[in-house]
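Secondary and tertiary structure notes
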Amino acid sequence: MKILITGGTGFIGRRLVAHLKVNHEVVVLTRQGSRAYELLGHDVTLLDNLDGLDDLNDVDAVINLAGEPIAAGRWSEQRKQLLCDSRWLLTEQLVDLIKLSSTPPKVLINASAIGWYGRQGDVPLDEQCQTPHDEFTHQLCQQWETLAREARSNRTRVCIVRIGLVLGTDGGALPKMLPPYRLGLGGPMGTGQQIMSWIHIQDLVRAMLFLLEHDECDGIFNGTAPQPVSNGEFSQSLATALHRPHLFFVPAPLLQLLMGEAADLLLTGQKVLPARLQQAGFHFTYPDLPQALANLLSAPR
């Protein structure tokens, strides 16, 4: 297949491109050409913008992962707008091109996030949930998903992946967490009772490839492992995997002082289950956290 991917130089995108380019022609939308070749190799085609395209007739699949990192800074109003625009505007442009195509891509796989559910305590949530908590992360993801769904037709299926906390050693949250834990200074945040719905990077990439290859898959899919844990359990598992003590905790007021509203990402949570992926026949390599951490932390860095 010829696959157009946005966000291909990001943490998830890099891993996905590495798998896709083995058997497919991969086109990566990026404004950083030299960096993209350095990260992805020269056996991909780079596209610096979509403005010169009238349609996507020659593209078999689109994977849309682009978006500014949501946890990279305080949520000023300007920052919130950037987070929204970096997702909404490109998704709208891609969907317009799909709708203008006489032979459109067979599938759009569009990223979203478990932030769609908002804070939910420890209530188990699958894709049937229709009671999100209305807050910024929900509003961001809701509009993102609404735009992506506009691409659906009898010739194009749309798979939306609500991604949880992605664990890997070359990106995401885990590398930022490791230094204090290695020093024996790790511990839970706030009460530690908030639920963390996580997924090993390898399983997330495998899930996206699964959705790409299975024509019967359509709609919302939770990109999380089947065994979410509390923040306290996550912290204890990480300390245990590193053979370090687990004595400290980070007070909620300190996080709120440092991060403002964005601290909600760390202090609230949701217990998200990948029901539809499993019903479709997807099997997780790393369904439980200790196994996932053992794999990641034993791998060469």
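Residues numbered from 1 in each chain as written. Predicted model: local features only at pLDDT ≥ 70, side-chain atom pairs only at ≥ 80, totals over all residues. Heavy atoms only, no water.

- An unreviewed UniProt entry lists the protein under the name TIGR01777 family oxidoreductase, from Aeromonas popoffii.
- Listed under Sequence similarities (unreviewed entry) in UniProt, the entry text for the protein is "Belongs to the NAD(P)-dependent epimerase/dehydratase family. SDR39U1 subfamily." (UniProt positions renumbered as here; feature names shortened; annotations may be inferred.)

A short note on the overall build of the protein
- Scanning the protein for helices and strands turns up 11 helices and 13 strands.
- Against the compact-globule benchmark of 19 Å for 301 residues, the protein has a radius of gyration of 19 Å, which places it among compact chains.
- Considering only C-alpha atoms, the protein reaches an extent of 60 × 40 × 40 Å along its principal axes.
- Evaluated residue by residue, the protein yields a buried proportion of 50% over its 301 residues.
- Put simply, 77% of the contacts in the protein that link residues at least 6 apart link residues at least 24 apart.
- Accessible surface, the protein: about 13900 Å² in total, of which carbon and sulfur atoms supply 53%.
- Between the centroid of the 25 positive side chains of the protein and the centroid of its 31 negative side chains there is a distance of 5 Å. (Helix = DSSP H or I, 4+ residues; strand = E, 2+ residues; numbered from the N terminus. Rg over C-alpha atoms; globule rule 2.2 N^0.38 Å. Buried < 20%, exposed > 50% of the residue type's maximum accessible area, 1.4 Å probe, protein only. Contact = heavy atoms within 4.5 Å. Areas by Shrake-Rupley, 256 points an atom, 1.4 Å probe, with all protein chains shown as cover. Lys, Arg positive; Asp, Glu negative; His and termini not counted. Charge placed at Lys NZ, Arg CZ, Asp CG, Glu CD.)

Details of the sheet that holds strand β4 (residues 61-64)
- The strand order across the open sheet formed by 7 strands is β3-β2-β1-β4-β5-β7-β11, and the pairing between neighbours is parallel. Two strands lie at the open edges of the sheet, namely β3 (45-47) and β11 (219-223), each paired on one side alone. Averaged over all pairs of adjacent strands, the angle between their axes in this sheet comes to 20 degrees, without regard to strand direction.
- One ladder, built from 3 bridges, connects strand β2 (residues 25-29) with β3; its direction is parallel. Note that in β3 the partner of Leu-29 across the bridge is Leu-47.
- Where helix α3 (residues 77-99) meets the sheet, it contacts β1 (2-6), β2, β4 and β5 (107-113), and its direction lies at approximately 170 degrees from that of β4. (Pairing = 2+ DSSP bridges. Axes fitted to C-alpha atoms, helices over the stretch in contact; angles between N-to-C directions.)

So, the UniProt feature "domain: NAD-dependent epimerase/dehydratase" (unreviewed entry) in the protein
- The positions UniProt marks with the feature "domain: NAD-dependent epimerase/dehydratase" (unreviewed entry) are residues 3-221.
- Annotated as 37% helix and 20% strand, the span residues 3-221 places its first and last C-alpha atoms 20 Å apart.

What about the UniProt feature "domain: DUF1731" (unreviewed entry) in the protein?
- Here, UniProt's "domain: DUF1731" (unreviewed entry) annotation points to residues 250-296.
- The span residues 250-296 is 53% helix and 4% strand, and its two end C-alpha atoms sit 24 Å from each other.

Some remarks on the pattern of salt bridges
- In total, this model carries 15 salt bridges according to the counting rule given.
- A salt bridge links Arg-79 to Glu-68; its shortest N-O distance comes to 3.8 Å. Note that Arg-79 is positioned in helix α3 and Glu-68 in the loop between β4 and α3, a separation of 11 residues in sequence.
- By relative accessible area, which is 17% here, Arg-79 ends up buried.
- On the accessibility criterion, Glu-68 (31% relative accessible area) is partly exposed.
- A salt bridge links Glu-261 to Lys-80, with the shortest nitrogen-to-oxygen separation between them at 2.9 Å. Of this pair, Glu-261 sits in the loop between α8 (252-259) and α9 (264-267) while Lys-80 sits in helix α3, and the two are 181 residues apart along the sequence.
- Exposure remark for Lys-80: the relative accessible area of 14% places this residue in the buried category.
- The structure contains a network of salt bridges with shared partners spanning Glu-77, Lys-80 and Glu-261. (Salt bridge = Lys/Arg side-chain N within 4 Å of Asp/Glu carboxyl O.)

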